[in-house]
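Residues per chain are reported as follows:
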Amino acid sequence: MRKTRILDGATGTLFQTGGMKAGEDSTVFALAHPDIVEDIAGEYIEAGSEFIYTPTFNLNREKVEGLGETVESLAAKLAAPALKLRAEYAEKGRSVLVAFDIGPQGKILEPLGEYTFEEAYAFFAEEAKAAEGLGADIVAIETMSDLYETKAAVLAVKENTGLPIIVTMSFEADGRTFTGTDIETMATTLEGLGVDALGINCSLGPVQILPFIKELMTYTDLPVAAKPNAGLPDPATGDYDISAGEFAELMKQYVDAGVDMVGGCCGTTPEAIRGIAEYVKNNPPKAGRRGGVSPASLFGSEERSERELKVCSATKTVRVDHITVIGERLNPTGKKKLKNALINGDYDYVINQAISQEEAGAEILDVNVGVPGIDEAAVMKALVKKLQAVTKLPLQIDSSNPETIEAALRVYNGKAIVNSVNGDEEVMDRILPLVRKYGAAVIGLTLDGGGIPETCEQRFAIARRIAEKADAYGIGRENLIIDCLTLTASAQQKEVDETLKTVKMVKEKLGLKTALGVSNVSFGLPLRPVINRTFLTMALENGLDLPIINPNDEDMMASVFAFNVLKNRDEGAAAFIRRYAEAELSRPINAKAVKKAEGGGLSPVAKAIDSGLEGETVKAVETLLETEAPMDIVNGELIPALDRVGRSFEKGEVFLPAMMQSAQAAQAGFDVIKRALDTSGQKGKNKGDVVIATVRGDIHDIGKNIVKTIMENYGFNMLDLGKDVSVQNVVDTVVKNDIKLVGLSALMTTTLASMEETIRAIRRVAPHCRIMVGGAVLTQEYADEIGADFFCRDAMKSVEAARKVFDKDKRGKGK
């Protein structure tokens, strides 16, 4: 058993107590006041903290360049107080660990923004090298809300240092991050990447985070860390609503639950940490907590628990505890259109195939770009980025080329499957290290340099060899899938039964998951669909877990659903009835008659926007322009399509990346309309001018930029003043342009005073102007208190507010 380790608490909160002014940059303050930084760290150590975080959280490229420094020089200055204290306490015989703090870059990563994965990695790599160079004990990557940016940071640290890594992400009240990642997906991805501990910090208080932490502990064997806020801030005063004593009392539940590392985030103090440390000292660890696999010197380690195969995208985890269909259609073999699309870079065609398979019920998508004459690695990398922007399904990277596999795994946002490795020693030594590094699962083919063996015993021997090699590389058995290889009944009829025997043997003797490319069995035979579905059913009965099939073949899908009913895996035949309640008996089953999820009746424009396909949206709008007026398309197609996506976002059915992708597709449609209006001498209708700004002292503009993008798609002319905008700049713009609506954003409690001051100034010179406000620290009550007209918790609420303002303005002019 491991005892609970004590982390530190808030730094920025104590900077404010130490004299940091509202809106002042915490990094600049720390550089100017190393004595205050040292005093705060010393107070935490005296309170019982075993880890001290450096005040490097807010480092980013712009700040480094603005200060005329290098990452290395800034890091050294900011970490110096913690390093000094570590040395002093070491002389006293007490161990204090310095955690180099890495936070998000404050920019929107692709596909939501223009900041690329590679750019994020490059800056994080500079920070990582600086951390190791100055002698930090550990890297703490914290307050992350984007899993993709988190992966860039983790890879940067692992590839450029030998330091252990703690990662904590921030979750909203719905149990997802700002970009839609859930707790299980975070754990699946980060554990695969090899972090040493993971957890949750910031955003919420100890009451709200506790159930999330308990959930996280069911998903991982790694040490778990928790650093909640001291409740919620009072926007008026900036004070948090949980006292130090109350915080320490609430955190006792974390210690009792077996959480490995506890501390505090915003609003917490040394007094709160002292209360936790005293409780830990007087209450030894309890039995029952699962062990971790992290460095024993830092966290301790215990035996690894039994695991199950899981793969994930950024927003969805698929547990392979049932028959899990892998869609096979993103493979150019025998598909001329797909082959041409890959050669010509027509990614919309490929994406359409992916979406079609997702709608048909596939749970994982196989992706193969093996076309002669193309740069396979470059095309695979580009396609993976495109696909993960529009589909929630995990991907299976189908290639035998190590360069292609690594290019895909590196930029994949989640945990993928590699298809495949085989029993050849050289092949395993080239590919299995990549599987281990990027935390993927892998399919092992039962063949080697001698080809495909005829008998099940020989194939089983290869499967066992692959399993043993995977063990040697530290790849858990749960992440190994064996493909026993489907041969054609027309040419190798005897071997078909050997395949089925091998599937059963692998399941029973090795306990591994199995996969098969089912349709291979029928090549060269008449009535191929009959052969395929019969073989599929036989394979399922012998233990097949992951059939690789065409999910748009409803006969094949019906066989899977029927099998689950007959094997008592679909209780009450609920899934079967949901899918086929309205289907008519026919041969083959008419896929169009099968009851589908909402979306089957969408127009081409709506379907393209719903799927986030820019090229398809353009084509659909251009087709409509042949028969419909431009503004009729805007009001009858584009706006309703955006509204539909917005409603799905509000309900939690889609997440921010999908909504932004749909917005970009809609923008492509609006661009077509604009060109049509320009050609005809007409002008697109501006629904209203809106000023938008992040208030003075606040440098966070991600939320503002999202609001801007969404509102532009609804036809509003957005005058974006940027971030850290002075009161006078906002006022001058309002007066000069006779603005009817202003949007103000603030992320920090310290800048809410600037928001209130801006609102008062606008009221003095333009009493007719309406004001909407938003930001993580705002509440409806505080928005009312400072005189805002609308509190907008997300981009769609901003659209609703704008509609109210400008619709009312139109009605007034009409009277």
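Residues numbered from 1 in each chain as written. Predicted model: local features only at pLDDT ≥ 70, side-chain atom pairs only at ≥ 80, totals over all residues. Heavy atoms only, no water.

1. Here we look at the overall build of the protein chain
Reasoning step 1: Of regular secondary structure, the protein chain possesses 30 helices and 23 strands.
Reasoning step 2: The C-alpha radius of gyration of the protein chain comes to 29 Å, within 12% of the 28 Å expected for a compact globule of 815 residues.
Reasoning step 3: Along the first, second and third principal axes, the C-alpha atoms of the protein chain reach 85 × 80 × 50 Å.
Reasoning step 4: Buried residues in the protein chain amount to 56% of all 815 residues. (Helix = DSSP H or I, 4+ residues; strand = E, 2+ residues; numbered from the N terminus. Rg over C-alpha atoms; globule rule 2.2 N^0.38 Å. Buried < 20%, exposed > 50% of the residue type's maximum accessible area, 1.4 Å probe, protein only.)

2. Focus on the nonpolar core
Reasoning step 1: With 175 residues, the main nonpolar core has Ile141, Leu190, Ile213, Tyr254 and Ile276 as its most contacted residues.
Reasoning step 2: Ranked by residues supplied to this core, first place goes to helix H6 (residues 117–134) with 10 residues.
Reasoning step 3: In this structure isoleucine 276 touches Ile6, Phe247, Ala248, Met251, Val255 and Val262, once residues within four positions along its chain are discounted.
Reasoning step 4: Ranked by size, the runner-up nonpolar core spans 45 residues in total, among them Ala606, Met659, Ile692 and Val707. (Core = buried A, V, L, I, M, F, W, Y, C linked by side-chain atoms within 4.5 Å. Contact = heavy atoms within 4.5 Å.)

3. Notes on empty space enclosed by the protein
Reasoning step 1: Within this structure, the stated rule accounts for 1 cavity of 30 Å³ or more.
Reasoning step 2: Taken as a whole, the largest cavity holds about 90 Å³ of empty space.
Reasoning step 3: Surrounding the largest cavity, 14 residues form its lining, Thr11, Val37, Ala41, Ile52 and Tyr53 being those nearest its centre.
Reasoning step 4: If you list the elements that add at least two residues to the lining of the largest cavity, you get helix H3 (34–47), strand E2 (51–53) and helix H5 (71–91).
Reasoning step 5: Among the elements that line the lining of the largest cavity, the one with the most residues is H3, at 4 residues.
Reasoning step 6: Class assignment for the residues of the lining of the largest cavity results in 11 nonpolar, 2 polar and 1 charged. (1 Å grid on protein atoms, 1.4 Å probe; cavity = no way out; pocket = protein on both sides within 12 Å on 5 of 7 lines; lining within 4 Å. Points joined across faces, edges and corners; volume = space filled by probe spheres on them. Nonpolar A, V, L, I, M, F, W, Y, C, P; charged D, E, K, R; others polar.)

4. A word on the confidence of the model for the protein chain
Reasoning step 1: Of all residues in the protein chain, 93% have pLDDT values of 70 or greater, and the mean over the chain is 91.
Reasoning step 2: Across residues 288–297 the pLDDT falls below 50, and counting only partners more than four positions away or on other chains, this stretch makes 41 contacts in the model.
Reasoning step 3: Below pLDDT 50 for its whole length, residues 595–599 participates in 10 contacts with residues either more than four positions away or in separate chains. (pLDDT = per-residue confidence, 0-100.)

5. Here we look at the packing of helix H27 (residues 727–737) against helix H28 (residues 752–765)
The angle between the axes and the distance between the axes are what describe a pair of packed helices.
Reasoning step 1: It is at 9 Å that the axes of H27 and H28 come closest, and there the two elements cross at 30°. With respect to H28, the element H27 is oriented roughly parallel. Crossing hand, H27 versus H28: right-handed. Judged by residue contacts, Val727, Val730, Val731 and Val735 of H27 engage Ser754, Glu757, Thr758, Ala761, Ile762 and Val765 from H28. (Axes fitted to C-alpha atoms, helices over the stretch in contact; angles between N-to-C directions. Parallel < 35°, antiparallel > 145°, perpendicular 65-115°, else oblique. Left-handed = near helix turned anticlockwise from the far one by under 90°.)

6. Topic: the pairing of strand E7 (residues 224–227)
Reasoning step 1: Here E7 shows two buried faces, one formed by Val224 and Ala226 and the other by Ala225 and Lys227.
Reasoning step 2: Here strand E6 (residues 197–201) pairs with E7 via 4 bridges, running parallel. By the bridge assignment, glycine 199 is partnered in E7 with alanine 225.
Reasoning step 3: For the segment spanning E6, helix H9 (residues 206–219) and E7, crossover handedness is right-handed.
Reasoning step 4: Bridge analysis of E7 against strand E8 (residues 261–262) gives 2 bridges, and the strand direction is parallel. Bridging from a neighbouring strand, alanine 226 pairs with valine 262 of E8. (Pairing = 2+ DSSP bridges. Right-handed = clockwise from strand over helix to strand, strands pointing away.)

7. A closer look at unusual backbone geometry
Across residues other than glycine, the phi torsion is negative in most instances, and most of the peptide bonds are trans.
Reasoning step 1: Proline 111 follows glutamate 110 through a cis peptide bond whose omega is 5°.
Reasoning step 2: Within the secondary structure layout, proline 111 lies in the loop between strand E3 (97–102) and H6.
Reasoning step 3: Phi at alanine 573 is positive, roughly 55°, even though this residue is not glycine.
Reasoning step 4: Summarising the element assignment, alanine 573 is placed in the loop between helix H20 (554–566) and helix H21 (574–580).
Reasoning step 5: Not every positive phi belongs to a glycine, and aspartate 724 is a case in point at roughly 55°.
Reasoning step 6: Along the chain, the position of aspartate 724 falls in the loop between strand E20 (717–720) and H27.

8. Quick notes on the pairing of strand E13 (residues 395–398)
Reasoning step 1: Alternating residues of E13 divide into Leu395 and Ile397 and Gln396 and Asp398, and every residue in both groups is buried.
Reasoning step 2: By the bridge criterion, 3 bridges tie strand E12 (residues 364–367) to E13 in an arrangement that is parallel. Bridge pairing in E13 links leucine 365 to leucine 395.
Reasoning step 3: Viewed along the sheet, the connection from E12 through helix H14 (residues 376–390) into E13 turns out right-handed.

9. Some points on helix H24 (residues 630–650)
Reasoning step 1: Between its terminal C-alpha atoms H24 stretches 29 Å, which fits the 30 Å expected from 21 residues at 1.5 Å a residue.
Reasoning step 2: Positioned one or two residues after H24, glycine 652 has a phi angle of 80°, which is positive. (Expected span 1.5 Å × (residues − 1).)

10. What to know about the sheet that holds strand E5 (residues 165–169)
Reasoning step 1: Overall, parallel pairing links the 8 strands, which are arranged E1-E8-E7-E6-E5-E4-E3-E2 in an open sheet. Lying at the two open borders of the sheet, with one neighbouring strand each, are strand E1 (5–6) and E2.
Reasoning step 2: With 4 bridges connecting them, strand E4 (residues 138–144) and E5 associate as parallel partners. If you follow methionine 144 over to E5, its bridge partner there is methionine 169.
Reasoning step 3: Set on the sheet, H6 makes contact with E3 and E4; between it and E3 the angle comes to about 165°.

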